[in-house]
Amino acid sequence: MTTTLITGANKGLGFETARRLTAAGHTVYIGSRDAERGRRAAEQLGARLVQLDTTSDSSVEAAARTIEADGGLDVLINNAGIEERGAGNVVIGAADVTAGMMRNTFETNVFGTVRVLHAFLPLLERSEAPVVVNVSSGLASLARLTAAGTPSYAYPGVAYPASKTAVNAITVQYAKAFPNMRINAVEPGFTKTDLNGNTGVQSVEQGAEIIVRMAQVGPDGPTGGFLDAEGILPW
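Cut-offs applied
Residues numbered from 1 in each chain as written. Predicted model: local features only at pLDDT ≥ 70, side-chain atom pairs only at ≥ 80, totals over all residues. Heavy atoms only, no water. Helix = DSSP H or I, 4+ residues; strand = E, 2+ residues; numbered from the N terminus. Rg over C-alpha atoms; globule rule 2.2 N^0.38 Å. Buried < 20%, exposed > 50% of the residue type's maximum accessible area, 1.4 Å probe, protein only. Contact = heavy atoms within 4.5 Å. Lys, Arg positive; Asp, Glu negative; His and termini not counted. Charge placed at Lys NZ, Arg CZ, Asp CG, Glu CD. Expected span 1.5 Å × (residues − 1). Phe/Tyr/Trp six-rings, centres within 6.5 Å; stacked < 30°, edge-to-face > 60°. Salt bridge = Lys/Arg side-chain N within 4 Å of Asp/Glu carboxyl O. Pairing = 2+ DSSP bridges. Axes fitted to C-alpha atoms, helices over the stretch in contact; angles between N-to-C directions. Parallel < 35°, antiparallel > 145°, perpendicular 65-115°, else oblique. Left-handed = near helix turned anticlockwise from the far one by under 90°. Nonpolar A, V, L, I, M, F, W, Y, C, P; charged D, E, K, R; others polar.

What should I look at first to understand the overall build of the chain in this one?
The helix and strand tally for the chain stands at eight helices and 10 strands. Its C-alpha atoms give the chain a radius of gyration of 17 Å, near enough to 18 Å, the size a compact globule of 235 residues would have. Overall, the C-alpha framework of the chain stretches about 50 × 40 × 30 Å when taken along its three principal axes. With 235 residues in all, the chain has 52% of them scored as buried. Considering only intrachain contacts with a sequence separation of at least 6, the fraction spanning at least 24 residues in the chain is 68%. Within the chain, one finds 19 positive and 23 negative side-chain charges whose respective centroids are separated by 2 Å.

See the structure below:
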């Protein structure tokens, strides 16, 4: 039985990924900062709840102890993420972004990813087929951000794309450090979720496709990659 932890899984892409992997036979842990929302999601899916706030060392360490006591971990999906927006769901551009906003975004999207990886790597190393999926974004691609006339080029925000570019670099470095693991970054696409004020153009079912696919790669699958549902993306 494959055991999988998904951070930020009480709604949106995380919830849909949990639903799909539970249906595929995984034992799924719903990682949720809000214990009550996580409990409801876990009950609905037939999954397990683990209270987990990716911005808190003690919360992440406690979650790791809980999952270790239950038998270990095979798949880690770093899905929890934020994108701060202004009033009216306005993307905060270069003229208005502050160091504090950058710090808040990086605390969850970057430091949270490293915090969870650090806590759960000992468990993953004991698995016969360990897998890590870091949920990134097409906005992480510097090639796309600099391609005039594209949606990525037109996006004015600073904090979110910078944080996801950092996630991609983290993915590459961890994949090199742990060649026995399959560690990849994925771009789910512009999905309708609370993160973007439900302005996305595709459903969570569509967005979860690449996350679910990469969560199920075998030991001979790709690692250190940046992929969407169509294939490899430019860095």
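Hey, could you run me through helix H7 (residues 159–177) in this one?
Along an α-helix, residues three or four positions apart point the same way, because every turn accommodates 3.6 residues. In this model H7 runs 27 Å from its N-terminal to its C-terminal C-alpha over 19 residues, within 8% of the 27 Å that 1.5 Å per residue would give. Ala 159, Tyr 160, Pro 161, Ser 163, Lys 164, Ala 166, Val 167, Asn 168, Ile 170, Thr 171, Tyr 174 and Ala 175 are the residues of H7 that are buried. Along its buried surface, H7 packs onto helix H4 (99–124), strand E7 (131–135), helix H5 (142–145), strand E8 (182–186) and strand E9 (226–228).

Would you explain the packing of aromatic side chains in this entry?
Two descriptors summarise a pair of aromatic rings, namely the distance from one centre to the other and the angle between the planes of the rings. With the rule as written, the count across this model stands at three aromatic pairs. When the centroid spacing of 5.6 Å and the interplanar angle of 25° are considered together, the rings of Phe 226 and Trp 235 count as stacked. Judged by its relative accessible area of 1%, Phe 226 is buried. The exposure class assigned to Trp 235 is partly exposed, which follows from its relative accessible area of 44%.

Would you explain the pattern of salt bridges in this entry?
Oppositely charged side chains may form a pair once their charged atoms are brought near each other. What the rule picks out here adds up to 14 salt bridges. In this structure, the salt-bridge partner of Glu 16 is Arg 20, at a minimum N-O distance of 3.7 Å. Linking Glu 16 with Arg 20, this pair stays in helix H1 (residues 12–23), spanning four residues, or about one helical turn. Accessibility expressed as a relative area gives 4% for Glu 16, which makes it buried. According to the relative accessible area criterion, Arg 20 is partly exposed, its value standing at 21%. Here Asp 57 and Arg 115 are joined by a salt bridge, their closest N and O atoms 2.5 Å apart. On the criterion of sequence distance, the pair formed by Asp 57 in helix H3 (residues 57–69) and Arg 115 in helix H4 is long-range, its members being 58 residues apart.

Help me understand the pairing of E8 in this model?
Consecutive side chains of a regular strand alternate in pointing toward one face of the sheet and then the other. Burial analysis of E8 places five of its five residues in the buried class, which makes it a mostly covered element. The alternating pattern of E8 places Arg 182, Asn 184 and Val 186 and Ile 183 and Ala 185 on opposite faces, both of which are buried. Here E7 runs beside E8; their pairing, made up of five bridges, is parallel. Following the sheet pairing, Val 132 is matched in E8 by Ile 183. As paired strands, E8 and E9 are joined by two bridges and run parallel to one another. Across the sheet, residue Ala 185 finds its bridge partner in E9, namely Phe 226.

Would you mind going over the packing of H3 against H4 with me for this structure?
For any two helices packed against each other, one specifies the crossing angle of their axes together with the interaxial distance. The N-to-C vectors of H3 and H4 enclose an angle of 20°; their axes lie 9 Å apart at closest approach. One way to sum up the angle between H3 and H4 is to call them roughly parallel. H4 is crossed by H3, and the crossing has right-handed handedness. Along its contact with H3, which presents Asp 57, Val 60, Ala 63, Ala 64, Ile 67 and Glu 68, the element H4 presents Arg 115, Val 116, Ala 119, Phe 120 and Leu 123. Its residues placed into classes, the contact of H3 with H4 shows eight nonpolar, no polar and three charged.

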